[in-house]
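Here are the chains, one letter per residue:
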Number of protein chains: 2
Amino acid sequence: MPLLHAILLLLQAATTPAAAHDPLPEDWRTIPDEELLVMRLTGNRTVTIRLAATLTPRHVDNIRRLAAYGWWNGESVYRVQENWVAQWGDVTEKKPLPPGVATAVAPEFEIARFAPAQRMSRADTHSAVAGITADGWPVTSDGHGAAWLAHCYGMVGVARDEAPTSGTGAELFTPIGQSARRLDRNYAVVGRIIDGMHHLSALPRGAGAMGVYADPAERTPIRSMTLASALPVSERPHFQYRAADNPRFAALIHRREYPPAPTIGSGGADVCEVPLEVRRAP
Amino acid sequence: MPLLHAILLLLQAATTPAAAHDPLPEDWRTIPDEELLVMRLTGNRTVTIRLAATLTPRHVDNIRRLAAYGWWNGESVYRVQENWVAQWGDVTEKKPLPPGVATAVAPEFEIARFAPAQRMSRADTHSAVAGITADGWPVTSDGHGAAWLAHCYGMVGVARDEAPTSGTGAELFTPIGQSARRLDRNYAVVGRIIDGMHHLSALPRGAGAMGVYADPAERTPIRSMTLASALPVSERPHFQYRAADNPRFAALIHRREYPPAPTIGSGGADVCEVPLEVRRAP
C-alpha cells in the first residue's frame, strides 16, 4: 500500500467516531489469575476457563483444590455427546478426591441474587428475566427471587449423580450444541470457556451411551489442569473481559435485538446470543 | 441372562402401558425419497437432509435440479465457523449453475402460513409464537401473519450475498452451535439434517475469515449429493419422521416444559429443544 494511502487510512481511523456499541478502553477489565483455569490437552491444545468465583464459590473452591492437587492431570475428556455436552474428569467417577475437597457440597444450582447490569428486552423460554452481570455473566431469574447462571453454549457445569449434593466439581461438562438451558437450576454452573472451545466442540462424538467413548483410546488425555496463578509467571495467560455496566454494552444488546436494516430483527435476542467478549491483555 | 428372566422381562414390556409421550406406531410416517437429500463425504461419511419441500418449494426445486445435475459432486465443505455454521458448495461461488436452476429466486425467508399442530407454551425471544407442524418442522411467527422456519441447530439454510434474491440453494449451511435464530426471516431454510450431523459439527474449525478454511487441503470433499429417489433402489435410505398432530406429541412438549421432579422446569422450552425424532424405517 502506498505510504500516503496508509497515512490517510490511519487519519481516518483516528477521526471516525466509534459506534455506540464499541467498547471504550476502560470497558476491558483484567480477569485475575486465580479465576483462570488452564486445561492442557495432548497435542498442544489449551482450553481456558474463566471461573465464576463470586457466583458459585463453594464449587470453585473445590475446583481450585483439585487443580492445586493436580487431580485432573492424566485424566481425560471421555464423553462427547452430539448436540449436547463434552465432559471431562475421571471416567470411573471413583478416583479418590484429595484432602480438603468437599464431597457433599451444598448445591449452587442458584446464585445469591439476580443482579444484571443489562437486561434482555424479552423474557426467554426458560426464565422470566435474563441479563448480563457487570462482570459479564449471563444470569436468569424466575422473577420471584430465584436466580441462576444460564447453561449457554460454552458455559461449564458440574456433572453429578442423582443426589443434588453429589457434584463436587471433579467432573465438568460444557454444552457443545443448542444451549442446555433445561439444565438451568438443576446443575451448578461454575464458569465459561473463554478460549479454545473448539478443542472440545470439534472432538469426535462418542458412540457409547450418552456419548461416552466406547473405546478408551478415543478419549482425549488431559495433560494438566491448573489455575493460571499456579503456572510459572512466563506461562500465565492474561485475559480481559468486556464489562457490561456501561451504555456501550447496552447498545451492543440493543443492536442484537434490533439489528440494522436490511436485516429483519424480532426485537429480541437470547441471553446466550449476547457476545460475552474476552480478549488477551494487550 | 437366564431364559426365564428374559421371558419375564418380555412379558413386562408387553404389559407396561406406554407413557403418554411415547409415539404410537401410526405416529411414524415415511419421508418420501424425493424429500431426502443424501450427501456423501469422503471417508464413508453420509449426511442425510430432509427437504422442506412444501414450505420452501422454489429453493427445493433448485436444489433438486442441482442434485440431478451432480453439481455438488467434487465440491466441498469449505467453511466451519465455531459456534456458528458449517457451509458447503462451491467455495468460489462462481461455478456456473446448470440449466433450469433459477438465479433470482424470489426469497422464501418466510413461509405461507403459521400452521403448527403443537404450540409452545411461551413466546420465545425471536418470535411471538412458535410450534411444530404436523409433519415435524419448527415454525415461528410474529403473531401478525408472518411465519418462518426457525434456524435451529441442524436446520439447513441457503447462503447468499447481500441481495435477498441471490441465494439459489447451491451454497448451503447448517448451524453447529447456539441456534442461529438471528438469521430467521433473513435466510431461506430448506431442510434439516436428520442423520450424520456429527460429520459436520465435529469438523475442524476454519482459521480464515468467517471460518473459511485457510488451506484448501482442509476442506472436506463432497463425493456426491443426490436425492434418494435418484439412487439405485438398493442404496436408498428409508426414514420416518414422528408426526406432531397427536396427543402423544403434545405430551412430549409438555414434558419438556414441565419435566418430572426432581428436575426443576421453567414451564417453557425453546422450540429448538423439541426432539424432532426421525428413525430408519423398520
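Everything discussed here concerns the structure shown above.
Reading the values: rules and limits
- Residue indices begin from 1 for each chain and proceed along its sequence in written order.
- Chains and ligands are labelled by the order in which they are written, letters from A for the one and numbers from 1 for the other.
- With the structure being a predicted model, the display of local features is reserved for residues of pLDDT at least 70 and the display and counting of side-chain atom pairs for 80 or more, all residues being used for whole-chain, interface and lining totals.
- Each side-chain value is derived from all of the structure's non-hydrogen atoms; neither hydrogens nor water enter the calculation.
- In this analysis, two residues are considered to be in contact whenever any of their non-hydrogen atoms come within 4.5 Å of each other.
- We define buried area as the total accessible area lost by two parts upon association, computed with a 1.4 Å probe and summed across both.
- Only one rule defines a salt bridge in this text: a Lys or Arg side-chain nitrogen within 4 Å of an Asp or Glu carboxyl oxygen.
- Any pair of N or O atoms that falls within 3.5 Å is considered a polar contact. Within protein, one atom must be able to donate a hydrogen and the other to accept it, and sequence-neighbouring residues count only if both atoms are side-chain atoms.
- For this classification, the nonpolar set comprises Ala, Val, Leu, Ile, Met, Phe, Trp, Tyr, Cys and Pro, the charged set comprises Asp, Glu, Lys and Arg, and every other residue, Gly included, is treated as polar.
- Here a strand pair is declared whenever DSSP counts at least two bridges between the two strands.
- The numbering of helices and of strands both runs from the N terminus, where a helix is a DSSP run of H or I of at least 4 residues and a strand a run of E of at least 2.
- Lines fitted to C-alpha atoms define the axes, with helix axes restricted to the stretch in contact, and inter-axis angles between N-to-C directions lie between 0 and 180 degrees.
- When the copies are superposed, the least-squares fit draws on C-alpha atoms of residues that have pLDDT of at least 70 in both.
- Aromatic pairs are defined between Phe, Tyr and Trp rings, using the six-membered ring for Trp, whenever the two ring centres lie within 6.5 Å; interplanar angles under 30 degrees are classed as stacked, those over 60 as edge-to-face, and all others as tilted.
- Exposure classes here rest on a 1.4 Å probe applied to the protein chains alone. A residue is buried below 20% of its type maximum, exposed above 50%, and partly exposed in between.
- Criterion for a charge above a ring: Arg CZ or Lys NZ at most 6 Å from the ring centre, at most 35 degrees from the ring normal.
- Cavities and pockets were defined on a 1 Å grid built over protein atoms only: a cavity is a set of grid points that admits a 1.4 Å probe from which the probe cannot escape, a pocket is an open set flanked by protein on both sides within 12 Å along at least five of seven lines, and lining residues are those with an atom within 4 Å of any such point.
- Grid points are joined across faces, edges and corners, and a volume is the space filled by probe spheres set on the points.
- Disulfides are defined in this document as cysteine sulfur pairs within 2.5 Å.

J.: Help me understand the interface of chain A and chain B in this model?
T.: Reports of interface size often rely on the accessible area that becomes lost once the parts have come together. Contact residues are listed per partner, giving 34 residues for chain A and 34 residues for chain B. A per-residue breakdown of the area chain A buries against chain B is headed by Thr125(A), Gln178(A) and Ile264(A), which together make up 23% of the total. Joining chain A to chain B, the criterion identifies zero salt bridges. Counting every contact that joins chain A to chain B gives 18 residue pairs in polar contact (both at pLDDT 80 or more). By residue class, the composition of the side of chain A that touches chain B is ten nonpolar, 13 polar and eleven charged.

J.: Which parts of the structure should I look at to understand the sheet that holds strand E13 (residues 220-227) of chain B?
T.: Consider a sheet: its strands pair through backbone hydrogen bonds, and that pairing is either parallel or antiparallel. Residues and elements named next belong to chain B. Around the barrel, which closes on itself, the eight strands sit in the order E2-E3-E12-E10-E11-E5-E4-E13 with antiparallel pairing between neighbours. Pairwise comparison of adjacent strand axes, ignoring direction, gives a mean angle of 35° for this sheet. Of the pairings in the sheet, the one linking strand E4 (residues 76-80) to strand E5 (residues 85-89) comprises four bridges and is antiparallel in character. Of the residues in E5, the one forming a bridge with Arg-79 is Gln-87.

J.: Quick question: what am I supposed to make of the relation of the copies chain A and chain B here?
T.: A rotation about some axis, followed by a shift along it, carries one copy of the chain onto the other. Here chain A sits on chain B after a turn of 180° about the axis and a move of 0.0 Å along it, with an RMSD of 0.0 Å. Such a combination of rotation and displacement between the chain copies is what one expects of a two-fold axis. Both copies contact each other with a shared surface, as 100% of the interface residues of chain A are interface residues in chain B too.

J.: Which parts of the structure should I look at to understand the packing of aromatic side chains?
T.: The description of an aromatic ring pair uses the distance of the two centres, along with the angle that the planes make with each other. In total, this model carries four aromatic pairs over all chains according to the counting rule given. Between Phe173(A) and Tyr187(A) the ring centres are 5.9 Å apart and the planes differ by 90°, which places this aromatic pair in the edge-to-face class. Of the two residues, Phe173(A) is situated in strand E11 (residues 172-175) and Tyr187(A) in the loop between E11 and strand E12 (189-195); the sequence distance between them amounts to 14 residues. Using a relative accessible area of 3% as the deciding quantity, one classes Phe173(A) as buried. Residue classification places Tyr187(A) among the partly exposed positions, given a relative accessible area of 21%. Between Arg50(B) and the ring centre of Tyr241(B), over which it is positioned, the NZ or CZ distance is 4.2 Å.

J.: Whenever I open this one, the environment of Pro237(A) confuses me. Can you help?
T.: All names here are of chain A. Position of Pro-237 among the secondary structure elements: in the loop between strand E13 (220-227) and strand E14 (239-242). According to the relative accessible area criterion, Pro-237 is buried, its value standing at 12%. Each C-alpha atom of the pair Pro-237 and Ala-281 lies 8.6 Å from the other, and the pair is 44 residues apart in sequence.

J.: Any chance you could explain the pattern of salt bridges here in plain terms?
T.: Proximity of charged atoms lets side chains of opposite charge pair with each other. Throughout the structure, instances matching the rule amount to 28 salt bridges over all chains. One salt bridge in this structure joins Arg29(A) and Asp245(A), with 3.2 Å as the shortest N-O distance. With Arg29(A) in strand E1 (residues 28-30) and Asp245(A) in the loop between E14 and helix H4 (247-257), the pair connects residues that are 216 residues apart, well separated along the chain. Residue classification places Arg29(A) among the partly exposed positions, given a relative accessible area of 29%. A relative accessible area of 39% places Asp245(A) in the partly exposed class. Across the salt bridge formed by Arg185(B) and Asp142(B), the nearest N and O atoms sit 3.9 Å from each other. Of this pair, Arg185(B) sits in the loop between strand E11 (172-175) and strand E12 (189-195) while Asp142(B) sits in the loop between strand E8 (138-141) and strand E9 (147-149), and the two are 43 residues apart along the sequence. By relative accessible area, which is 24% here, Asp142(B) ends up partly exposed. Beyond isolated ion pairs, a larger network of salt bridges with shared partners links Glu110(A), Asp142(A) and Arg185(A).

J.: Is there a simple way to explain empty space enclosed by the protein in this structure?
T.: One pass over the structure, following the stated rule, counts five cavities of 30 Å³ or more. One number sums up the size of the largest cavity: a volume of about 100 Å³. In this structure, the largest cavity is lined by 13 residues; those nearest its centre are His126(A), Arg181(A), Ile264(B), Gly265(B) and Ser266(B). Here the residues of the lining of the largest cavity sort into three nonpolar, five polar and five charged. Considering only enclosed or pocket space, the second largest cavity measures out at about 50 Å³ in volume. For the second largest cavity, the full set of lining residues is Asp124(A), Thr125(A), His126(A), Gln178(A), Ser179(A), Arg181(A), Asp270(A), Gln178(B), Asp270(B) and Glu273(B). Across the lining of the second largest cavity, the residue classes tally to no nonpolar, five polar and five charged.

J.: Help me understand the state of the cysteines, please; the structure alone is not making it clear to me.
T.: Cysteine pairs can be covalently joined through their sulfur atoms, and such a bond is termed a disulfide. Residue and element names in this part refer to chain A. Under the criterion given, the structure shown has two disulfides over all chains. In this model, Cys-152 is linked to Cys-272 through a disulfide, with the two sulfur atoms separated by 2.1 Å. A torsion of -75° about the S-S bond marks the disulfide between Cys-152 and Cys-272 as left-handed. Here Cys-152 is found in the loop between strand E9 (147-149) and strand E10 (155-158), whereas its partner Cys-272 is found in the loop between H4 and strand E15 (278-280), with 120 residues between them in sequence. Using a relative accessible area of 13% as the deciding quantity, one classes Cys-272 as buried.

J.: What am I meant to see in the pairing of E10(A) here?
T.: Both faces of the sheet carry side chains from a regular strand, because those side chains alternate between them. Residues and elements named next belong to chain A. Across the two faces of E10 the burial is the same, with Met-155 and Gly-157 and Val-156 and Val-158 all buried. Taken together, the three bridges between E10 and E12 define a ladder with antiparallel strand orientation. Residue pairing for E12: Val-156 is matched across the bridge by Gly-191. Looking at chain direction, E10 and E11 are connected through two bridges and run antiparallel. By the bridge assignment for E11, Gly-157 is matched with Phe-173.

J.: Looking at this structure, how should I read the environment of Asp195(B)?
T.: All names here are of chain B. Here Asp-195 shows up in strand E12. A relative accessible area of 28% places Asp-195 in the partly exposed class. Note: C-alpha distance between Asp-195 and Gly-154 (41 residues apart in sequence) is 9.7 Å. Once you skip the residues sitting within four places of it in the chain, Asp-195 turns out to touch Thr-46, Val-47, Thr-48, Phe-239 and Arg-280.

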